Amino acid sequence: AQTVTQSQPEMSVQEAETVTLSCTYDTSESDYYLFWYKQPPSRQMILVIRQEAYKQQNATENRFSVNFQKAAKSFSLKISDSQLGDAAMYFCAYRSPNYGGSQGNLIFGKGTKLSVKP
Amino acid sequence: GAVVSQHPSRVICKSGTSVKIECRSLDFQATTMFWYRQFPKQSLMLMATSNEGSKATYEQGVEKDKFLINHASLTLSTLTVTSAHPEDSSFYICSARTDMNTEAFFGQGTRLTVV
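The shown structure was predicted, so the numbers you read here are calculated from the model rather than taken from an experiment.

Asker: Before we move on, can you summarise the overall build of chain B with the specific residues and values?
Answerer: Along chain B, the regular secondary structure elements total zero helices and 11 strands. Helices and strands in chain B line up, N terminus first, as β-β-β-β-β-β-β-β-β-β-β. Summarising its shape, the C-alpha atoms of chain B cover approximately 40 × 25 × 20 Å along the three principal directions. Roughly 5700 Å² of accessible area belongs to chain B as shown, and the carbon and sulfur atoms make up 51% of that amount. The distance from the centre of the 11 positive side-chain charges to the centre of the 10 negative ones in chain B is 8 Å.

Below you can see the structure in the form of structure tokens.
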């Protein structure tokens, strides 16, 4: 079974600085998807960024980028120019592809609470 | 982007009663919907997966007779918590996707309090 590990329960960053959130996962599959979700106090899950395992290029979305190391099974999230609105819980998630009997559900890590200091 | 609407956002019910939570995909056909439960300061735990027109697949440890899931159409899935007890109080979140999407879209969640 696949597992996702986020080893940082809490992180803090100064406004305008850069912070990196760690995520490792375990799988025997070669084809899969990885995601970072943000959950603000409203508890609405917001997709931050996604990465297909077959793509070697790291995904980027404006101030958010990932460092995907497939061999090491590592998927860290870098937030540049941190803003007060970035403060939230961040969940790393794994998803199997849509075949082989998989329903394609998300497997979440325990989350990292990010605080942004003004 | 795709929108998933979950209703109600908050509900308080008496112990022993049942409560229904709806999850609707507003602008796409959701062949698969997922129901998660989230305890305070914890991660999302998958409860069950439902495919339109089929019986839901429940995760180990989830009582299917207590958490009834119906996915009768491509835009609506419901979760009914039957004979609710205080320990069922939690935050319930649905997500939905089409077969072709790699991304699942989430509803706003429902905070259930059983008194």
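Asker: Give a description of the side chain of Glu103(B) that names residues and reports values.
Answerer: Within the secondary structure layout, Glu103(B) lies in the loop between strand 9 (90-97) and strand 10 (105-106). Among the polar contacts listed, one links the side chain of Glu103(B) to the side chain of Arg50(A), at a separation of 3.3 Å. For Glu103(B), the residues in contact, after removing those within four places along its chain, are Phe35(A), Leu47(A), Arg50(A), Arg95(A), Ala96(B) and Arg97(B).

Asker: Break down the interface of chain A and chain B for me, with residues and values.
Answerer: How big an interface is tends to be expressed through the accessible area that disappears when the partners come together. Taken together, the contacts link 19 residues of chain A with 24 residues of chain B. Of the roughly 1800 Å² buried between chain A and chain B on both sides combined, carbon and sulfur atoms contribute 46%. Of all residues in chain A, Arg43(A), Gln44(A) and Gln103(A) give up the largest surface area on contact with chain B, accounting jointly for 35% of the area buried on that side. Here Glu103(B) and Arg50(A) are joined by a salt bridge, their closest N and O atoms 3.3 Å apart. Where chain A touches chain B, the interface holds eight residue pairs in polar contact (both at pLDDT 80 or more). Contributions of two or more residues to the side of chain A that touches chain B are made by strand 5 (33-39), strand 6 (46-52), strand 10 (88-95) and strand 11 (106-108) of chain A. If you tally residues by element for the side of chain A that touches chain B, the top one is strand 5 of chain A, at four residues. A per-class count over the side of chain A that touches chain B returns eight nonpolar, seven polar and four charged.

Asker: Which residues make up the state of the cysteines, and what are the values?
Answerer: Counted under the stated rule, the structure contains two disulfides over all chains. Through a disulfide, Cys23(A) is tied to Cys92(A); the S-S separation comes to 2.0 Å. The disulfide joining Cys23(A) to Cys92(A) has a torsion of about -70° about its S-S bond and is therefore left-handed. Of this pair, Cys23(A) sits in the loop between strand 3 (19-21) and strand 4 (24-26) while Cys92(A) sits in strand 10, and the two are 69 residues apart along the sequence. Pair check on accessibility: Cys23(A) and Cys92(A) agree, each one buried. In this model, Cys23(B) is linked to Cys94(B) through a disulfide, with the two sulfur atoms separated by 2.0 Å. With the S-S dihedral at roughly 80°, the linkage between Cys23(B) and Cys94(B) falls on the right-handed side. Pair noted here: Cys23(B) is in strand 3 (residues 19-25) and Cys94(B) is in strand 9, with a separation of 71 residues, a long-range link. Of the two residues examined, Cys23(B) and Cys94(B), each falls in the buried class. Free of any disulfide, Cys13(B) has its nearest neighbouring cysteine sulfur in Cys94(B), separated by 18 Å.

Asker: Talk me through the pattern of salt bridges; I want residue IDs and the actual numbers.
Answerer: Per the counting criterion, the structure on display carries six salt bridges over all chains. Notably, a salt bridge pairs Lys55(A) with Glu52(A), separated by 3.7 Å at the nearest N-O pair. Between Glu22(B) and Arg24(B) there is a salt bridge, with its nearest N and O atoms 3.5 Å apart.

Asker: Hey, could you go over the sheet that holds strand 8 (residues 76-81) of chain B for me, with residue numbers and the actual values?
Answerer: All names here are of chain B. A sheet is described by the order of its strands in space; here four strands give the open sequence 1-3-8-7, paired in antiparallel fashion. Both edges of this open sheet fall to strand 1 (4-7) and strand 7 (67-73), since each of them pairs with a single strand only. Sheet twist, expressed as the mean angle between neighbouring strand axes with direction ignored, is 15°. Bridge analysis of strand 7 against strand 8 gives five bridges, and the strand direction is antiparallel. Directly across from Ser-73, in strand 8, lies its bridge partner Leu-76.

What counts, and at which threshold
- Residues numbered from 1 in each chain as written.
- Chains lettered and ligands numbered in written order.
- Predicted model: local features only at pLDDT ≥ 70, side-chain atom pairs only at ≥ 80, totals over all residues.
- Heavy atoms only, no water.
- Helix = DSSP H or I, 4+ residues; strand = E, 2+ residues; numbered from the N terminus.
- Areas by Shrake-Rupley, 256 points an atom, 1.4 Å probe, with all protein chains shown as cover.
- Lys, Arg positive; Asp, Glu negative; His and termini not counted.
- Charge placed at Lys NZ, Arg CZ, Asp CG, Glu CD.
- Polar contact = N/O pair within 3.5 Å; in protein donor to acceptor, adjacent residues only side chain to side chain.
- Contact = heavy atoms within 4.5 Å.
- Buried area = accessible area lost by both parts, 1.4 Å probe.
- Salt bridge = Lys/Arg side-chain N within 4 Å of Asp/Glu carboxyl O.
- Nonpolar A, V, L, I, M, F, W, Y, C, P; charged D, E, K, R; others polar.
- Disulfide = S-S within 2.5 Å.
- Buried < 20%, exposed > 50% of the residue type's maximum accessible area, 1.4 Å probe, protein only.
- Pairing = 2+ DSSP bridges.
- Axes fitted to C-alpha atoms, helices over the stretch in contact; angles between N-to-C directions.

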